[in-house]
Amino acid sequence: MTTLPPTLSDAARAVLDTAVPTGKVALTHAFAAAWRDGRITAVGTTPLPDRPARPDRPELKLPRDMPKRGRGGSMANRIALLHALAHIELNAIDLAWDLVGRFPAEGLPKPFLDDWVQVADDEARHFAMLDARLNALGSGYGDLPAHDGLWQAAQVTAHDVAARLAVVPMVLEARGLDVTPDTIARLKGFGDGESAALLQTICDDEVTHVAAGRRWFGYVCAARGVDPVATWQDLVRRHFRGVLKRPFNTAGRSAAGFGPEFYEPVAEG
Ligand SMILES: [Fe+2]
Ligand SMILES: [Fe+2]
(Lines give C-alpha, C1' and ligand atoms only; values in the text may rest on other atoms or scores of the structure.)
(Ligands and ions follow the chains in the order given, each with its own letter.)
Protein backbone atom coordinates (compact mmCIF):
# COMPACT_ATOMS: atom_id res chain seq x y z
CA MET A 1 0.00 0.00 0.00
CA THR A 2 1.42 3.32 -1.04
CA THR A 3 1.06 6.11 1.50
CA LEU A 4 -0.67 8.96 -0.27
CA PRO A 5 0.94 12.41 -0.19
CA PRO A 6 -1.26 15.23 1.14
CA THR A 7 -1.30 17.23 -2.09
CA LEU A 8 -0.89 16.74 -5.83
CA SER A 9 2.31 18.79 -5.88
CA ASP A 10 3.73 16.50 -3.16
CA ALA A 11 2.78 13.57 -5.39
CA ALA A 12 4.61 15.18 -8.33
CA ARG A 13 7.64 15.76 -6.16
CA ALA A 14 7.63 12.17 -4.87
CA VAL A 15 7.62 10.77 -8.41
CA LEU A 16 10.36 13.15 -9.58
CA ASP A 17 12.50 12.20 -6.56
CA THR A 18 12.12 8.46 -7.23
CA ALA A 19 15.08 7.10 -9.20
CA VAL A 20 14.07 3.48 -9.74
CA PRO A 21 11.86 3.18 -12.83
CA THR A 22 9.55 0.49 -11.42
CA GLY A 23 9.00 2.72 -8.37
CA LYS A 24 8.34 5.76 -10.57
CA VAL A 25 5.76 3.76 -12.54
CA ALA A 26 4.05 2.32 -9.45
CA LEU A 27 3.82 5.70 -7.70
CA THR A 28 2.48 7.33 -10.86
CA HIS A 29 -0.32 4.78 -11.22
CA ALA A 30 -1.16 4.99 -7.50
CA PHE A 31 -1.19 8.80 -7.37
CA ALA A 32 -3.08 9.17 -10.66
CA ALA A 33 -5.79 6.79 -9.39
CA ALA A 34 -5.96 8.68 -6.08
CA TRP A 35 -6.39 12.00 -7.92
CA ARG A 36 -9.11 10.54 -10.16
CA ASP A 37 -10.94 9.00 -7.17
CA GLY A 38 -10.71 12.12 -5.05
CA ARG A 39 -8.42 10.61 -2.41
CA ILE A 40 -6.02 13.46 -3.20
CA THR A 41 -7.86 16.75 -3.72
CA ALA A 42 -5.52 19.53 -2.56
CA VAL A 43 -3.11 20.89 -5.16
CA GLY A 44 -0.44 22.45 -2.95
CA THR A 45 2.63 24.47 -3.85
CA THR A 46 5.47 22.09 -2.98
CA PRO A 47 8.58 23.15 -4.93
CA LEU A 48 9.91 20.65 -7.46
CA PRO A 49 13.55 19.63 -7.99
CA ASP A 50 15.47 21.07 -10.96
CA ARG A 51 16.09 17.56 -12.26
CA PRO A 52 14.39 14.24 -11.60
CA ALA A 53 16.25 11.45 -9.81
CA ARG A 54 17.76 8.90 -12.18
CA PRO A 55 18.78 5.25 -11.64
CA ASP A 56 22.46 4.12 -11.71
CA ARG A 57 21.77 2.42 -15.02
CA PRO A 58 21.49 3.28 -17.87
CA GLU A 59 24.72 5.19 -18.26
CA LEU A 60 23.77 8.67 -19.50
CA LYS A 61 25.81 10.03 -22.37
CA LEU A 62 25.88 13.28 -24.28
CA PRO A 63 23.89 12.99 -27.50
CA ARG A 64 27.08 13.25 -29.59
CA ASP A 65 28.66 10.34 -27.66
CA MET A 66 25.71 8.00 -28.22
CA PRO A 67 26.44 5.03 -30.47
CA LYS A 68 24.77 5.43 -33.86
CA ARG A 69 21.75 3.14 -34.11
CA GLY A 70 21.46 0.87 -37.13
CA ARG A 71 18.17 0.89 -39.02
CA GLY A 72 18.19 -2.79 -39.98
CA GLY A 73 16.01 -5.42 -38.33
CA SER A 74 18.64 -7.29 -36.26
CA MET A 75 17.75 -8.12 -32.67
CA ALA A 76 20.46 -5.72 -31.46
CA ASN A 77 19.02 -2.87 -33.53
CA ARG A 78 15.47 -3.51 -32.39
CA ILE A 79 16.57 -3.67 -28.74
CA ALA A 80 18.47 -0.38 -29.17
CA LEU A 81 15.36 1.23 -30.68
CA LEU A 82 13.04 0.00 -27.92
CA HIS A 83 15.58 1.04 -25.28
CA ALA A 84 15.78 4.57 -26.69
CA LEU A 85 11.98 4.79 -26.69
CA ALA A 86 11.78 3.45 -23.12
CA HIS A 87 14.19 6.19 -22.06
CA ILE A 88 12.01 8.83 -23.73
CA GLU A 89 8.91 7.45 -21.95
CA LEU A 90 10.67 7.46 -18.57
CA ASN A 91 11.48 11.13 -19.10
CA ALA A 92 7.92 11.73 -20.27
CA ILE A 93 6.60 10.50 -16.89
CA ASP A 94 8.69 13.15 -15.16
CA LEU A 95 7.82 15.83 -17.72
CA ALA A 96 4.10 15.26 -17.12
CA TRP A 97 4.44 15.44 -13.32
CA ASP A 98 6.64 18.50 -13.65
CA LEU A 99 3.90 20.19 -15.67
CA VAL A 100 1.38 19.22 -12.97
CA GLY A 101 3.41 20.74 -10.14
CA ARG A 102 5.66 23.41 -11.65
CA PHE A 103 3.21 26.25 -12.25
CA PRO A 104 0.92 26.65 -9.21
CA ALA A 105 1.04 30.45 -9.52
CA GLU A 106 -0.74 30.27 -12.89
CA GLY A 107 -4.02 29.27 -11.20
CA LEU A 108 -4.71 26.64 -13.86
CA PRO A 109 -8.07 24.91 -13.44
CA LYS A 110 -8.65 21.34 -12.30
CA PRO A 111 -9.21 20.01 -15.85
CA PHE A 112 -5.62 21.07 -16.65
CA LEU A 113 -4.35 18.99 -13.74
CA ASP A 114 -6.66 16.10 -14.70
CA ASP A 115 -5.22 16.05 -18.22
CA TRP A 116 -1.57 16.05 -17.20
CA VAL A 117 -2.07 13.50 -14.44
CA GLN A 118 -3.66 11.31 -17.13
CA VAL A 119 -0.67 11.92 -19.40
CA ALA A 120 1.70 10.88 -16.59
CA ASP A 121 -0.36 7.72 -16.10
CA ASP A 122 -0.16 6.98 -19.86
CA GLU A 123 3.60 7.57 -19.96
CA ALA A 124 4.12 5.20 -17.02
CA ARG A 125 2.13 2.53 -18.89
CA HIS A 126 4.17 3.18 -22.06
CA PHE A 127 7.45 2.81 -20.20
CA ALA A 128 6.30 -0.44 -18.58
CA MET A 129 5.13 -1.86 -21.94
CA LEU A 130 8.47 -1.10 -23.58
CA ASP A 131 10.46 -2.47 -20.65
CA ALA A 132 8.37 -5.67 -20.73
CA ARG A 133 9.02 -5.97 -24.46
CA LEU A 134 12.76 -5.48 -23.86
CA ASN A 135 12.59 -8.25 -21.24
CA ALA A 136 10.83 -10.54 -23.72
CA LEU A 137 13.72 -9.91 -26.14
CA GLY A 138 16.29 -10.76 -23.43
CA SER A 139 17.18 -7.20 -22.47
CA GLY A 140 15.79 -4.49 -20.22
CA TYR A 141 15.88 -0.79 -19.49
CA GLY A 142 19.33 0.11 -18.23
CA ASP A 143 21.25 -2.38 -20.37
CA LEU A 144 22.34 0.21 -22.94
CA PRO A 145 23.57 3.79 -22.62
CA ALA A 146 20.93 6.48 -22.96
CA HIS A 147 20.81 10.05 -24.12
CA ASP A 148 21.30 12.72 -21.44
CA GLY A 149 19.65 15.91 -22.59
CA LEU A 150 15.95 15.15 -22.59
CA TRP A 151 15.48 17.23 -19.45
CA GLN A 152 16.99 20.29 -21.09
CA ALA A 153 13.64 21.23 -22.64
CA ALA A 154 12.12 21.20 -19.15
CA GLN A 155 14.84 23.40 -17.68
CA VAL A 156 14.70 26.09 -20.37
CA THR A 157 10.91 26.31 -20.04
CA ALA A 158 10.61 26.05 -16.24
CA HIS A 159 9.82 29.79 -15.98
CA ASP A 160 6.68 29.81 -18.13
CA VAL A 161 3.84 27.35 -18.65
CA ALA A 162 3.23 28.70 -22.18
CA ALA A 163 6.85 28.03 -23.14
CA ARG A 164 6.64 24.55 -21.59
CA LEU A 165 3.47 23.66 -23.52
CA ALA A 166 4.88 25.16 -26.74
CA VAL A 167 8.06 23.08 -26.59
CA VAL A 168 7.26 19.80 -24.81
CA PRO A 169 3.89 18.57 -26.10
CA MET A 170 3.68 20.78 -29.21
CA VAL A 171 7.24 20.26 -30.52
CA LEU A 172 8.70 17.14 -28.93
CA GLU A 173 5.61 14.96 -28.57
CA ALA A 174 4.29 16.16 -31.95
CA ARG A 175 7.62 15.06 -33.43
CA GLY A 176 6.85 11.59 -32.08
CA LEU A 177 3.67 11.59 -34.17
CA ASP A 178 5.74 12.44 -37.25
CA VAL A 179 8.32 9.68 -36.92
CA THR A 180 6.47 6.78 -35.25
CA PRO A 181 4.40 5.61 -38.26
CA ASP A 182 7.61 4.97 -40.23
CA THR A 183 9.12 3.10 -37.26
CA ILE A 184 5.96 0.97 -37.01
CA ALA A 185 6.15 0.15 -40.73
CA ARG A 186 9.82 -0.85 -40.41
CA LEU A 187 9.11 -3.11 -37.41
CA LYS A 188 6.32 -4.81 -39.34
CA GLY A 189 8.73 -5.26 -42.25
CA PHE A 190 11.16 -6.97 -39.87
CA GLY A 191 8.40 -9.37 -38.80
CA ASP A 192 8.25 -7.82 -35.29
CA GLY A 193 4.49 -7.36 -35.15
CA GLU A 194 4.46 -7.28 -31.34
CA SER A 195 6.76 -4.27 -31.10
CA ALA A 196 4.84 -2.62 -33.96
CA ALA A 197 1.51 -3.09 -32.14
CA LEU A 198 2.96 -1.65 -28.96
CA LEU A 199 4.22 1.43 -30.77
CA GLN A 200 0.80 1.86 -32.40
CA THR A 201 -0.85 1.93 -28.97
CA ILE A 202 1.69 4.50 -27.80
CA CYS A 203 1.24 6.64 -30.93
CA ASP A 204 -2.56 6.65 -30.53
CA ASP A 205 -2.17 7.85 -26.92
CA GLU A 206 0.37 10.49 -27.95
CA VAL A 207 -2.24 12.14 -30.19
CA THR A 208 -4.21 12.86 -27.00
CA HIS A 209 -1.08 14.32 -25.36
CA VAL A 210 -0.43 16.68 -28.27
CA ALA A 211 -4.14 17.58 -28.18
CA ALA A 212 -3.89 18.44 -24.48
CA GLY A 213 -0.83 20.57 -25.20
CA ARG A 214 -2.59 22.42 -28.00
CA ARG A 215 -5.78 22.91 -25.97
CA TRP A 216 -4.05 24.25 -22.86
CA PHE A 217 -1.68 26.38 -24.88
CA GLY A 218 -4.78 27.96 -26.42
CA TYR A 219 -6.28 28.42 -22.95
CA VAL A 220 -3.17 30.18 -21.60
CA CYS A 221 -2.91 32.42 -24.68
CA ALA A 222 -6.59 33.38 -24.40
CA ALA A 223 -6.12 34.18 -20.69
CA ARG A 224 -3.17 36.43 -21.58
CA GLY A 225 -4.95 37.98 -24.56
CA VAL A 226 -2.24 36.96 -27.05
CA ASP A 227 -2.44 35.31 -30.46
CA PRO A 228 -1.67 31.57 -30.13
CA VAL A 229 0.02 31.09 -33.52
CA ALA A 230 2.38 34.07 -33.29
CA THR A 231 3.09 33.34 -29.61
CA TRP A 232 3.88 29.67 -30.30
CA GLN A 233 6.25 30.55 -33.13
CA ASP A 234 8.00 33.11 -30.94
CA LEU A 235 8.35 30.73 -27.96
CA VAL A 236 9.65 27.91 -30.17
CA ARG A 237 12.19 30.23 -31.78
CA ARG A 238 13.43 31.30 -28.35
CA HIS A 239 13.35 28.02 -26.42
CA PHE A 240 13.73 25.14 -28.89
CA ARG A 241 17.23 24.62 -30.22
CA GLY A 242 16.46 22.20 -33.04
CA VAL A 243 14.66 22.76 -36.29
CA LEU A 244 11.08 21.78 -37.08
CA LYS A 245 11.69 19.13 -39.69
CA ARG A 246 9.44 18.12 -42.52
CA PRO A 247 7.73 15.83 -43.34
CA PHE A 248 5.02 16.33 -40.73
CA ASN A 249 2.30 13.84 -39.89
CA THR A 250 -0.30 16.43 -40.78
CA ALA A 251 -3.18 13.99 -40.26
CA GLY A 252 -1.99 13.01 -36.77
CA ARG A 253 -1.27 16.61 -35.81
CA SER A 254 -4.63 17.77 -37.11
CA ALA A 255 -6.35 14.95 -35.18
CA ALA A 256 -4.81 16.64 -32.12
CA GLY A 257 -6.24 20.00 -33.19
CA PHE A 258 -2.74 21.21 -34.09
CA GLY A 259 -3.06 22.86 -37.50
CA PRO A 260 -0.28 23.58 -40.03
CA GLU A 261 -0.75 27.35 -39.59
CA PHE A 262 1.40 26.94 -36.45
CA TYR A 263 4.36 24.96 -37.74
CA GLU A 264 4.48 25.19 -41.56
CA PRO A 265 5.64 28.84 -41.68
CA VAL A 266 8.62 28.06 -39.39
CA ALA A 267 9.55 24.59 -40.71
CA GLU A 268 12.70 23.56 -42.53
CA GLY A 269 13.49 20.82 -45.01
FE1 LIG B 1 4.38 8.11 -24.14
FE1 LIG C 1 3.26 11.60 -24.35
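Residues numbered from 1 in each chain as written. Chains lettered and ligands numbered in written order. Predicted model: local features only at pLDDT ≥ 70, side-chain atom pairs only at ≥ 80, totals over all residues. Heavy atoms only, no water.

## Quick look at the overall build of the protein
Right, on to step 1. The secondary structure content of the protein amounts to 10 helices and 2 strands.
Right, on to step 2. For the protein, whose C-alpha radius of gyration is 18 Å, the value lies close to the compact-globule estimate of 18 Å for 269 residues.
Right, on to step 3. In the protein, which comprises 269 residues, the proportion classed as buried is 50%.
Right, on to step 4. Considering only intrachain contacts with a sequence separation of at least 6, the fraction spanning at least 24 residues in the protein is 81%.
Right, on to step 5. Summed over its atoms, the accessible surface of the protein is roughly 12,000 Å², and 56% of this surface lies on carbon and sulfur atoms.
Right, on to step 6. Treating the 30 positive side-chain charges of the protein as one cloud and the 33 negative ones as another, the clouds have centres 4 Å apart. (Helix = DSSP H or I, 4+ residues; strand = E, 2+ residues; numbered from the N terminus. Rg over C-alpha atoms; globule rule 2.2 N^0.38 Å. Buried < 20%, exposed > 50% of the residue type's maximum accessible area, 1.4 Å probe, protein only. Contact = heavy atoms within 4.5 Å. Areas by Shrake-Rupley, 256 points an atom, 1.4 Å probe, with all protein chains shown as cover. Lys, Arg positive; Asp, Glu negative; His and termini not counted. Charge placed at Lys NZ, Arg CZ, Asp CG, Glu CD.)

## Examining the coordination of the iron ion (ligand 1)
Right, on to step 1. Summarising the metal site, the iron ion (ligand 1) is bound by the protein donors Glu89 (OE), Glu89 (OE), Glu123 (OE), His126 (ND1) and Glu206 (OE), whose distances to it range over 2.0 to 2.6 Å.
Right, on to step 2. Here the donor residues of the iron ion (ligand 1) are spaced in sequence according to E-x33-E-x2-H-x79-E.
Right, on to step 3. Separation of the iron ion (ligand 1) from the iron ion (ligand 2) amounts to 3.7 Å, with Glu123 serving as a shared donor to the pair. A residue pair is termed long-range when its members are at least 10 positions apart, and Glu89 in helix 3 (residues 75-102) and Glu123 in helix 4 (residues 110-136) qualify at 34 residues.
Right, on to step 4. Its relative accessible area of 7% is what places Glu89 among the buried residues. (Donors = N, O, S within 2.8 Å, 3.2 Å for Na, K, Ca; no water.)

## Description of the environment of Ala154
Right, on to step 1. On the secondary structure map, Ala154 appears in helix 5 (residues 152-156).
Right, on to step 2. Note: C-alpha distance between Ala154 and Leu95 (59 residues apart in sequence) is 7.0 Å.
Right, on to step 3. If sequence neighbours within four positions are ignored, Ala154 has contacts with Leu95 and Arg164.

## A word on the coordination of the iron ion (ligand 2)
Right, on to step 1. On the protein side, the iron ion (ligand 2) has Glu123 (OE), Glu173 (OE), Glu206 (OE) and His209 (ND1) as donor atoms, found 1.8 to 2.2 Å from it.
Right, on to step 2. Geometry at the iron ion (ligand 2) is irregular, judged from its 4 donor atoms and the angles of 88 to 155 degrees they form at the metal.
Right, on to step 3. Donor residues for the iron ion (ligand 2), ordered by position in the chain, follow E-x49-E-x32-E-x2-H. (Tetrahedral: all angles 85-135°; square planar, octahedral: opposite > 155°, others 65-115°.)

## A word on helix 4
Right, on to step 1. The terminal C-alpha atoms of helix 4, which comprises 27 residues, lie 39 Å apart, in line with the 39 Å expected from a rise of 1.5 Å per residue.
Right, on to step 2. Where helix 4 ends, the next residue or the one after it, Gly138, has phi of about 85 degrees, a positive value. (Expected span 1.5 Å × (residues − 1).)

## Details of the pattern of salt bridges
Right, on to step 1. Summed over all chains, the structure comprises 24 salt bridges.
Right, on to step 2. The partner of Arg13 in a salt bridge is Asp17, and the shortest N-O contact between them spans 3.0 Å.
Right, on to step 3. The partly exposed category is assigned to Asp17, whose relative accessible area is 39%.
Right, on to step 4. Connected through salt bridges with shared partners, the residues Arg78, Arg133, Asp192 and Glu194 form a single ionic network. (Salt bridge = Lys/Arg side-chain N within 4 Å of Asp/Glu carboxyl O.)

## Section: the domain arrangement of the protein
Right, on to step 1. Structurally, the protein comprises domain 1 (1-47 + 74-147) and domain 2 (149-269).
Right, on to step 2. Spacing between the C-alpha centres of domain 1 and domain 2 amounts to 19 Å.
Right, on to step 3. With 31 residues of domain 1 at the interface, the matching set in domain 2 holds 35 residues.
Right, on to step 4. In total, about 2,700 Å² of surface goes out of reach between domain 1 and domain 2, with carbon and sulfur atoms giving 69% of it.
Right, on to step 5. In terms of surface lost to domain 2, no three residues of domain 1 exceed Leu95, Trp116 and Arg133, which account for 20% of the buried area on that side.
Right, on to step 6. Linking domain 1 with domain 2 are 7 salt bridges.
Right, on to step 7. One salt bridge connects Arg133 with Asp192, and the closest N-O pair in it is separated by 2.9 Å.
Right, on to step 8. The interface formed by domain 1 and domain 2 contains 13 residue pairs in polar contact (both at pLDDT 80 or more).
Right, on to step 9. Of all elements in the fold, only helix 3 and helix 4 reach the threshold of two or more residues within the side of domain 1 that touches domain 2.
Right, on to step 10. Per-element accounting of the side of domain 1 that touches domain 2 gives the leading share, 13 residues, to helix 3.
Right, on to step 11. When its residues are assigned to classes, the side of domain 1 that touches domain 2 shows 16 nonpolar, 4 polar and 11 charged. (Domains from an automatic or database assignment. Buried area = accessible area lost by both parts, 1.4 Å probe. Polar contact = N/O pair within 3.5 Å; in protein donor to acceptor, adjacent residues only side chain to side chain. Nonpolar A, V, L, I, M, F, W, Y, C, P; charged D, E, K, R; others polar.)

## Examining the packing of helix 6 (residues 161-189) against helix 8 (residues 228-239)
Two numbers describe a pair of packed helices, the interaxial angle and the distance between the axes.
Right, on to step 1. In the contact formed by helix 6 and helix 8, the axes pass within 9 Å of each other and the chain directions differ by 85 degrees. Relative to helix 8, the element helix 6 is oriented roughly perpendicular. Facing Ala162, Ala163, Ala166, Val167, Met170 and Val171 of helix 6, the residues of helix 8 in contact are Trp232, Leu235, Val236 and His239.
Right, on to step 2. Per-class residue counts for the contact of helix 6 with helix 8 are 9 nonpolar, 1 polar and no charged. (Axes fitted to C-alpha atoms, helices over the stretch in contact; angles between N-to-C directions. Parallel < 35°, antiparallel > 145°, perpendicular 65-115°, else oblique.)

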